[in-house]
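Below, each chain spelled out in residue letters.
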Amino acid sequence: MPIKQNCESDNASNTKQPVVLPRDPMAIERSNLLSMMKLSIKVLIQSSLSLGRTLDSDYPPLQQFFVVLEHCLKHGLKVKKSFISQNKSIWGPLELVEKLSPESADITTSARDLPGLKTGLGRARAWLHLALMQKKVADYMKALLERKDLLGDFYEPGALMMEEEGTVIVGMLVGLNVIDANLCIKGEDLDSQVGVIDFSLYLKDPAKSETTQDDAKMTAILDQKHYIEELNRHLSGTVTDLQAKMDSLEKTNSKLIEELTAATDRINSLREEQEQLRKDNEIILQSSQKKEEASIQDSQVELETYKQTRQGLDEMYNVVWKQYKEEKRVRQELERELELQTVLKQEMEVAMRLLEKDTHEKQDTLAALRQQLDQVKTLNLQMFHKAQDSEREAEKKQEDAGKLEEKMSQMEEAMKEMELRLQNSESERRQSDQSDRDMRVELEGTVGAMQKQLTDLDTLRLGLESELRSEREQRQNMQRALQREQDNSMELRTQLQQLQGLHSELVDLKQEKQQLQKTCEAQEQTLQEMGQHLSQSKLKMEDFKEVNKALKGHAWLKDDEATQCKQCQKEFSIARRKHHCRNCGDIYCSSCSSNELALPSYPRPVRVCDICHSLLLQRSSSSLES
């Protein structure tokens, strides 16, 4: 193997790094490839810094670097056999980086879709070129080496990518981030290139050794480049932080606006509920007043009917009292007639029997009247308990009840006197039985008159019973009316309690309304303050964006994407060539990009378009004036 022999001769000539050759041939190959990678990276960095411009695809140290990196990736690669042929390509492990690092998806798809590439080796070479332009070769290789379980499908156990030399190479690849490369992949024949290492680039000439001044310049340039990159990273970090703050402030602002709208809707709904409650309160008050007036009128009507019934009862009691007086007078006349007419004693016995029957019937009627009077008393007591609100009416009812009780007591005394007189009459009757026999003939006429009087008394009794029935019906109607009045009063009380509860709820709602107004005012003040902060932060963001654009530059436009000059709109041809502006990345003709200025990312003055030239001069003049 020629690569192995060259590496052994180079290691033998280098006395500063003595290498102990192991017995394992894979270990020898790994050490030789590691030393070649060190030399190629060192020569590439030194030559690019001394050149002081972006590297293109024709630069020899860059071509040798890709050849050495390709040999390192091919070391220990497994051969995939198929029915047609054997395939040994590094495109498989490099294509795996797309799954491990999402940032490499763009270059993987572009390398996969490039026209003119037919083999996996050509796609792998295109992928390495694009990764170097992105300055992400070390990051992608590090992500690939962290998953050695996946690399085992592509490499043998003693391969360079499976051992510690792979991690050492990844550490050396970090130094390539100082190199700016502009490689044109389209149109190159990457499939058929022969990867042969040219060792003439790595043979040192002592006459052309670098001086200390060149080293100092290179270190100063590297320091300046690192400082600019660090400043750019810091600015990008601050921009992302400010963007996150802006997003959070916008979210909080939207939330506060939503809360404010919800609060205003709630206040409006509460106002509508308050107006509805006021209307309901007025309706309830009007209905309660109407019910009270109706109940007062009903109570007055009931009092008038009660007075009328009391007057009828009094008249009835007077009539009964007169009847009892008449009966007493008749009894006295009968006693005189019995004393005078002892002959008609037998007929008198018959008359007395009839009188006894009449007295029994009258006693029954009196008992019924007493029961009715007891019922009237109970009704009066119920009316007294139910009509406590009207004290005057209750006093009148009590007076009427006392009068009735007095009349009832008088009636009871009269009944007792009548019973005593009846007993006396019975004793006298027994004594005058013999004399009554003689008086029977004379008493026949008197008996007829007495029968007529009894019939009259029966008719009066029936009239009294009918009047008592009507009185009972009136009392029942009065009880029903009183029950209805009590129900109405209970409903009015419940409505009053509801009105009191509604009043308390109105007070609470007013307090909540005041609190919501205060919170709304505070939120409006906070929104105003946040608006001021947002306006200030937006101004700062625009300043940072302008600075970042000036430092970072625009996207690098590809040659195929531009067919005419961006400024003069003239089409490109063989005579009118394409030129990139190193500040904005767009493509212009030579007349529109004839200016040169020193940019922070370039050590020497580079080509700049007329627009960027005027903008940069204005910024530099404004910074000097400030």
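Residues numbered from 1 in each chain as written. Predicted model: local features only at pLDDT ≥ 70, side-chain atom pairs only at ≥ 80, totals over all residues. Heavy atoms only, no water.

A.B. asks: I keep staring at the overall build of the protein and nothing clicks. Help me out?
C.D. replies: In terms of helices and strands, the protein carries 15 helices and six strands. Counting every position in the protein, which comprises 626 residues, the buried fraction comes to 33%. As presented, the protein carries roughly 40300 Å² of accessible surface, and 51% of it is formed by carbon and sulfur atoms. (Helix = DSSP H or I, 4+ residues; strand = E, 2+ residues; numbered from the N terminus. Buried < 20%, exposed > 50% of the residue type's maximum accessible area, 1.4 Å probe, protein only. Areas by Shrake-Rupley, 256 points an atom, 1.4 Å probe, with all protein chains shown as cover.)

A.B. asks: Sorry, what's going on with the state of the cysteines here?
C.D. replies: In a disulfide, the sulfur atoms of two cysteines are held together by a covalent bond. A full pass over the atoms with the stated rule returns zero disulfides. The structure places no disulfide on Cys592, whose sulfur is separated from the nearest cysteine sulfur, that of Cys589, by 3.5 Å. Cysteine Cys609 shares no disulfide, and the gap to the nearest cysteine sulfur, in Cys612, comes to 3.3 Å. (Disulfide = S-S within 2.5 Å.)

A.B. asks: Honestly, the pairing of strand E6 (residues 605–608) in this entry has me stumped. Any pointers?
C.D. replies: Successive residues of a regular strand alternate their side chains across the two faces of the sheet. Relative to E6, strand E5 (residues 595–598) is paired through four bridges, and the arrangement is antiparallel. Pairing of Glu596 across the sheet is with Arg607, part of E6. Hairpin connection between E5 and E6: a loop of six residues separates the two successive antiparallel strands. (Pairing = 2+ DSSP bridges.)

A.B. asks: What exactly am I supposed to notice about the confidence of the model for the protein here?
C.D. replies: Caution is warranted with low-pLDDT regions, since their predicted coordinates should not be read in detail. Summary statistics for the protein give a mean pLDDT of 78 and a share of 83% for residues scoring 70 or more. Element-level mean pLDDT values for the protein span from 40 in helix H1 (residues 2–13) up to 92 in strand E4 (residues 587–588). Predicted confidence is poor over residues 82–86, with pLDDT under 50, and the contacts of this stretch with residues over four places away or in other chains come to four contacts. Under a pLDDT of 50 for its full length, residues 205–210 has, in the predicted model, three contacts with residues more than four places off or in other chains. (pLDDT = per-residue confidence, 0-100. Contact = heavy atoms within 4.5 Å.)

A.B. asks: Explain a negative patch on the surface to me, please; I cannot follow it from the model alone.
C.D. replies: Side chains of Glu361, Asp364, Asp456 and Asp458 sit close together on the surface and give a patch of like negative charge. If you list the elements that add at least two residues to the negative patch, you get helix H11 (345–386) and helix H14 (440–552). When you line up the elements, Glu361 lands in helix H11. (Patch = residues over 30% accessible without salt bridge, like charges linked within 9 Å, V, L, I, M, F, W, Y side chains within 5 Å. Salt bridge = Lys/Arg side-chain N within 4 Å of Asp/Glu carboxyl O. Lys, Arg positive; Asp, Glu negative; His and termini not counted. Charge placed at Lys NZ, Arg CZ, Asp CG, Glu CD.)

A.B. asks: Sorry, what's going on with the nonpolar core here?
C.D. replies: One recurring pattern in soluble globular proteins is that nonpolar side chains are buried together. Among the nonpolar cores identified, the biggest contains 60 residues, and Phe65, Trp127 and Met141 are the most heavily contacted of them. Breaking this core down by element, the ones donating at least two residues are helix H2 (25–51), helix H3 (60–74), helix H4 (91–100), helix H5 (105–112), helix H6 (120–134), helix H7 (137–145) and helix H9 (164–173). Core analysis: the next-biggest nonpolar cluster, separate from the first, contains 17 residues, Cys581, Cys592, Tyr602 and Cys609 among them. (Core = buried A, V, L, I, M, F, W, Y, C linked by side-chain atoms within 4.5 Å.)

A.B. asks: Any chance you could explain empty space enclosed by the protein here in plain terms?
C.D. replies: One water molecule sets the probe size; rolling that probe over the atoms shows where empty space is left. Under the definition given, this model contains five cavities of 30 Å³ or more. Taken as a whole, the largest cavity encloses approximately 200 Å³ of empty space. Around the largest cavity sit 16 residues that line it, and Tyr317, Leu369, Leu373, Met408 and Met411 are the ones nearest its centre. Elements with a contribution of two residues or more to the lining of the largest cavity: helix H10 (212–340), H11, helix H12 (391–431) and H14. Its residues placed into classes, the lining of the largest cavity shows 13 nonpolar, one polar and two charged. (1 Å grid on protein atoms, 1.4 Å probe; cavity = no way out; pocket = protein on both sides within 12 Å on 5 of 7 lines; lining within 4 Å. Points joined across faces, edges and corners; volume = space filled by probe spheres on them. Nonpolar A, V, L, I, M, F, W, Y, C, P; charged D, E, K, R; others polar.)

A.B. asks: Help me understand unusual backbone geometry in this model?
C.D. replies: Note on backbone geometry: most residues besides glycine have negative phi, and most peptide bonds are trans. The residue Lys135 is not glycine, and still its phi comes out positive at about 60 degrees. Mapped onto the elements, Lys135 comes out in the loop between H6 and H7. For Lys135, a relative accessible area of 25% corresponds to the partly exposed category. Notably, Gln569 is not glycine yet its phi reads approximately 60 degrees, a positive angle. Looking at where Gln569 falls in the secondary structure, it is placed in the loop between H14 and strand E3 (579–580). A relative accessible area of 46% means that Gln569 is categorised as partly exposed.

A.B. asks: Explain H5 to me, please; I cannot follow it from the model alone.
C.D. replies: Because each turn of an α-helix spans 3.6 residues, side chains separated by three or four positions in sequence point in the same direction. Among all positions in H5, only Ile107, Thr108 and Ala111 are buried. Down the axis of H5, the sector holding all buried residues measures 100 degrees, keeping them to one side. Looking at the buried side of H5, the elements it contacts are H4, H6 and H7. (Arc of directions from axis to C-beta.)

A.B. asks: Looking at this model, I keep getting lost on the packing of H2 against H3. Mind explaining?
C.D. replies: When two helices pack together, their arrangement is captured by the angle between the axes and the distance separating the axes. Following both chains from N to C, one finds H2 and H3 inclined at 155 degrees, their axes separated by 9 Å at the closest point. Judged on the interaxial angle alone, H3 and H2 are roughly antiparallel. The way H2 lies across H3 gives a crossing that is left-handed. Contact with H2, carried on its side by Leu33, Met36, Met37, Ser40, Ile41, Val43, Leu44 and Ser47, involves Pro61, Leu62, Phe65, Val68, Leu69, His71 and Cys72 of H3 and no other residues of that element. Among the residues forming the contact of H2 with H3, the class breakdown is 12 nonpolar, three polar and no charged. (Axes fitted to C-alpha atoms, helices over the stretch in contact; angles between N-to-C directions. Parallel < 35°, antiparallel > 145°, perpendicular 65-115°, else oblique. Left-handed = near helix turned anticlockwise from the far one by under 90°.)

A.B. asks: Where do I start with H6 in this structure?
C.D. replies: Its 15 residues give H6 an end-to-end C-alpha distance of 21 Å, which sits within 8% of 21 Å, the value for a rise of 1.5 Å per residue. Of all 15 residues that make up H6, 12 are buried, and the element is covered over most of its length. Along H6, the residues that are buried comprise Gly120, Leu121, Gly122, Ala124, Arg125, Ala126, Trp127, Leu128, His129, Leu130, Ala131 and Leu132. Lys135 sits one or two positions beyond H6 and adopts a positive phi of about 60 degrees. (Expected span 1.5 Å × (residues − 1).)

A.B. asks: Would you take a moment to explain the side chain of His580 for this structure?
C.D. replies: Looking at the element boundaries, His580 is found in strand E3. For His580, a relative accessible area of 10% gives the class buried. Within polar-contact distance, the side chain of His580 engages the backbone oxygen of Leu557 at 2.6 Å. Excluding anything up to four places from it in sequence, His580 contacts Trp556, Leu557, Asp559, Gly585, Asp586, Ile587 and Arg607. (Polar contact = N/O pair within 3.5 Å; in protein donor to acceptor, adjacent residues only side chain to side chain.)

A.B. asks: How should the packing of H6 against H7 be read in this particular structure?
C.D. replies: Packing of H6 against H7 brings their axes to within 7 Å, and their N-to-C directions diverge by 120 degrees. What the angle tells us is that H6 and H7 run oblique. Between H6, through Trp127, Leu128, Ala131, Leu132 and Gln134, and H7, the contact on the second element is made entirely by Val137, Tyr140 and Met141. Taken together, the residues that form the contact of H6 with H7 break down as seven nonpolar, one polar and no charged.

A.B. asks: When you look at the side chain of Gln323 in this model, what are you seeing that I'm missing?
C.D. replies: Residue position: Gln323 is located in helix H10. Each residue touching Gln323, except ones within four places of it in the same chain, is listed here: Leu457 and Leu460.

A.B. asks: Would you take a moment to explain the pattern of salt bridges for this structure?
C.D. replies: Should the charged atoms of two oppositely charged side chains come close, the side chains can pair. On inspection of all chains with the given rule, the structure shows 13 salt bridges. Among the salt bridges present, the one from Asp149 reaches Arg147, with a minimum N-O distance of 3.4 Å. A salt bridge links Arg266 to Glu512; its shortest N-O distance comes to 3.9 Å. With a gap of 246 residues between them, Arg266 in helix H10 and Glu512 in helix H14 connect regions that are remote in the sequence. According to the relative accessible area criterion, Glu512 is partly exposed, its value standing at 31%. Ionic contacts of the salt-bridge type, sharing partners, join the residues Glu70, Lys74 and Arg125 into one network.

A.B. asks: Sorry, what's going on with the packing of aromatic side chains here?
C.D. replies: A full pass over the atoms with the stated rule returns two aromatic pairs. For the pair Phe65 and Phe66, a centre-to-centre distance of 5.6 Å together with 55 degrees between the ring planes defines the contact as tilted. Measuring from centroid to centroid gives 5.7 Å for Trp127 and Tyr140, while their planes differ by 45 degrees, and the two rings are tilted. One end of the pair, Trp127, is in helix H6; the other, Tyr140, is in helix H7, with 13 residues separating them in the sequence. Neither residue differs from the other here; Trp127 and Tyr140 are each classed as buried. (Phe/Tyr/Trp six-rings, centres within 6.5 Å; stacked < 30°, edge-to-face > 60°.)

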